[in-house]
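Spelled out from the first residue to the last, the chains are:
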Amino acid sequence: MADTVYEVVASGSSSVSVVAPTENLRLIGFSVVETNSSASEVSIQEGVSSDIANELCAVTLAPGESAREWFGEHGIPCPGGIFLDRRAGESRAVIYYRVSDRGKDSFAPPSW
């Protein structure tokens, strides 16, 4: 049985912790839309604040632009949580994540 993929939506200009630290947490994907007719810059990070976070991906958007990425079934490991660091402008971000109840080894790709 596959693990459930969850989504969390964060809108505005403030940085925010979007998913708490959790064992076996994976970033599966994201969608970011600029919402205020000005350039927007967002950093998606592992951690609970920008002071103690590791950048996973950065997104820079022109007015009216959007970006999205899907990292696949195994995603990117983020046991320290997921933090959205808004560095400029306003945006609407949707973060897709999952937590496996089968343990971290369930995310390993098959060994042929």
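Our structure is the block above this text.
Thresholds, definitions, all that
Residues numbered from 1 in each chain as written. Predicted model: local features only at pLDDT ≥ 70, side-chain atom pairs only at ≥ 80, totals over all residues. Heavy atoms only, no water. Pairing = 2+ DSSP bridges. Helix = DSSP H or I, 4+ residues; strand = E, 2+ residues; numbered from the N terminus. Axes fitted to C-alpha atoms, helices over the stretch in contact; angles between N-to-C directions. Salt bridge = Lys/Arg side-chain N within 4 Å of Asp/Glu carboxyl O. Buried < 20%, exposed > 50% of the residue type's maximum accessible area, 1.4 Å probe, protein only.

J.: Quick question: what am I supposed to make of the sheet that holds strand β8 (residues 82–88) here?
T.: The strands making up a sheet associate through hydrogen bonds between their backbones, and the pairing can be parallel or antiparallel. The strand order across the open sheet built from four strands is β2-β8-β4-β5, with neighbouring strands paired in antiparallel fashion. Both edges of this open sheet fall to β2 (16–19) and β5 (54–61), since each of them pairs with a single strand only. The sheet shows a mean angle of 25° between the axes of neighbouring strands, taken without regard to direction. Pairing geometry for strand β4 (residues 40–46) and β5, over seven bridges, is antiparallel. From the neighbouring strand, Q45 faces β5, where its bridge partner is E55.

J.: Please explain the pattern of salt bridges as it appears in this structure.
T.: Going through the model one piece at a time under the given rule, you end up with three salt bridges. The residue R87 makes a salt bridge to E41 at a minimum N-O spacing of 3.9 Å. Highlighted residues: R87 in strand β8 and E41 in strand β4, separated in sequence by 46 residues. Residue R87 is classed as partly exposed on the basis of its relative accessible area of 42%. Notably, a salt bridge pairs R87 with E55, separated by 3.2 Å at the nearest N-O pair. Note that R87 is positioned in strand β8 and E55 in strand β5, a separation of 32 residues in sequence. One network of salt bridges, with partners in common, ties together E41, E55, D85 and R87.

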